[in-house]
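Tertiary structure, described
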Amino acid sequence: MFSQMLRQRLGLSNSNPILQSRKTSSLLKPRHPFFNPSTTRTMNRELDPISQFRLQRIQRFYHSGGYGRAGSNGVMSAFYFLFAANAMVFGAINYAKYTKDWRLEKKILGHTLLSPASFDSGRWWTVITSAFAHIDPMHFAFNMLSLYNFCSLCAFIPGMNGLHLFAVAGGSAITGGMGFLYHRRRKVAEANRSDWQSKTRNYNSSALGASGAVMGVGALTACLMPNAPMQLMLIPITFPLWVFVAGYGLIDSYFLDSPTSSIAHAGHLGGLVFGAAYYLAFMRRSPAGVWKSVERMIRRR
């Protein structure tokens, strides 16, 4: 009895199928001018590009029932490919390490460790392969988590796709590796002739990890969505993405020539520069980005 009364109040009575279909559609989809296509087209003509982008995101959320279509541009698929490649090399290195298979470990590291000595010996491919290798679990986890956060933002950016992600990650890995080699060779040249220990240490200094590629993707994302909120792990403080990327670049610049630092800061800066350059060359026409903001500021003046 109660269920029948409830169905009648909601207009779902079996005796009136036309009314039932109308009521059901009104319950599932509210009739609001915001979701009316004709009204939406009128609103789009009156909004600036950033507001149009936000409006499209909300509409996509409404019509798809959530953000299920966020990865339709292929960015997240490209991320999973990069993650799988890094995970396989990370697993192989640590498997050889913990099983004491020194021959396998030496073979893998011989093709992934980047240094002036290895590059001069003919292993030029280590400029790329070093970006897929990690030994320390925390290094691997931090790089992959950072890359995931950047890619999850890029998945909503108009014009961004998996090919752009592969291009900026690969280019940042190369420029990061070349930046590391250049910095180490400069340290060798600046050392005194009698200081053979410093020359040998810098010449054989090696680097590996996806940090340069991650910094490049981070720089591109910061140029496309500079005000996206970011939060460091275990620190409950939210700040814009551009502050995070710029701060990281300043830290790398400050510790670039530090004798006590074991981080390849020059590799980070090389990737950062390539990511920003890629944005200016290929992605500056995106409706939500630094370039459009600068153009609007110039027009206002």
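Predicted, not measured: the structure shown is a model, and the values here were computed from it. (Residues numbered from 1 in each chain as written. Predicted model: local features only at pLDDT ≥ 70, side-chain atom pairs only at ≥ 80, totals over all residues. Heavy atoms only, no water.)

**Topic: the overall build of the protein chain**
Within the protein chain, the regular secondary structure consists of 15 helices and two strands. Scored against the burial criterion, the 301 residues of the protein chain give a buried share of 38%. In the protein chain, the proportion of contacts linking residues at least 24 apart, taken out of those at least 6 apart, comes to 68%. Carbon together with sulfur atoms contributes 64% to the accessible area of the protein chain, which is approximately 18,200 Å² in total. (Helix = DSSP H or I, 4+ residues; strand = E, 2+ residues; numbered from the N terminus. Buried < 20%, exposed > 50% of the residue type's maximum accessible area, 1.4 Å probe, protein only. Contact = heavy atoms within 4.5 Å. Areas by Shrake-Rupley, 256 points an atom, 1.4 Å probe, with all protein chains shown as cover.)

**Describing the environment of Phe274**
Tracing the sequence through the fold places Phe274 in helix α14 (residues 265-283). Take Phe274: its relative accessible area is 24%, and that puts it in the partly exposed class. Each C-alpha atom of the pair Phe274 and Ala213 lies 9.2 Å from the other, and the pair is 61 residues apart in sequence. Excluding residues within four positions of it along the chain, Phe274 makes contact with Ala167, Val168, Gly171, Ser172 and Thr175.

**What to know about the pattern of salt bridges**
In the structure shown here, the tally under the stated rule is five salt bridges. Among the ionic pairs, Asp120 bridges to Arg185, the shortest N-O distance being 2.6 Å. Pair noted here: Asp120 is in helix α7 (residues 116-120) and Arg185 is in helix α10 (residues 162-190), with a separation of 65 residues, a long-range link. Taking the relative accessible area as the measure of exposure, Asp120 reaches 41% and is therefore partly exposed. Taking relative accessible area as the criterion, Arg185 reaches 33% and is therefore assigned partly exposed. One salt bridge in this structure joins Arg186 and Asp257, with 3.4 Å as the shortest N-O distance. You can see Arg186 sitting in helix α10 and its partner Asp257 sitting in the loop between α13 (241-254) and α14, a full 71 residues away along the chain. Owing to a relative accessible area of 25%, Arg186 belongs among the partly exposed residues under this scheme. Asp257 gets classed as partly exposed once you look at its relative accessible area, which sits at 41%. Because the salt bridges share partners, they merge into one network encompassing Arg186, Glu190 and Asp257. (Salt bridge = Lys/Arg side-chain N within 4 Å of Asp/Glu carboxyl O.)

**Focus on the packing of aromatic side chains**
In this structure the tally under the stated criterion is 13 aromatic pairs. Ring centres of Phe239 and Phe244 lie 6.4 Å apart, and the angle between their planes is 20°; this geometry places the pair in the stacked category. What makes Phe239 buried here is its relative accessible area of 18%. Here Phe244 and Tyr248 contribute two aromatic rings whose centre-to-centre distance is 6.3 Å and whose plane-to-plane angle is 50°, an arrangement assigned as tilted. Of this pair, Phe244 and Tyr248 both sit in helix α13, four residues apart, roughly one helical turn. For Phe244, a relative accessible area of 16% gives the class buried. For Tyr248, a relative accessible area of 27% puts it in the partly exposed group. (Phe/Tyr/Trp six-rings, centres within 6.5 Å; stacked < 30°, edge-to-face > 60°.)

**Remarks on the confidence of the model for the protein chain**
For residues with low pLDDT, the predicted coordinates do not support detailed interpretation. For the protein chain, the mean per-residue pLDDT works out to 80, and 75% of the residues sit at or above 70. Within the protein chain, helix α12 (residues 211-224) carries the highest mean pLDDT (96), whereas helix α2 (residues 17-28) carries the lowest (40). Within the model, the stretch residues 5-44 combines pLDDT values under 50 with 30 contacts to residues more than four positions away or in other chains. In this model, residues 61-71 is a region of pLDDT below 50 whose contacts with residues beyond four sequence positions or in other chains number 14 contacts. (pLDDT = per-residue confidence, 0-100.)

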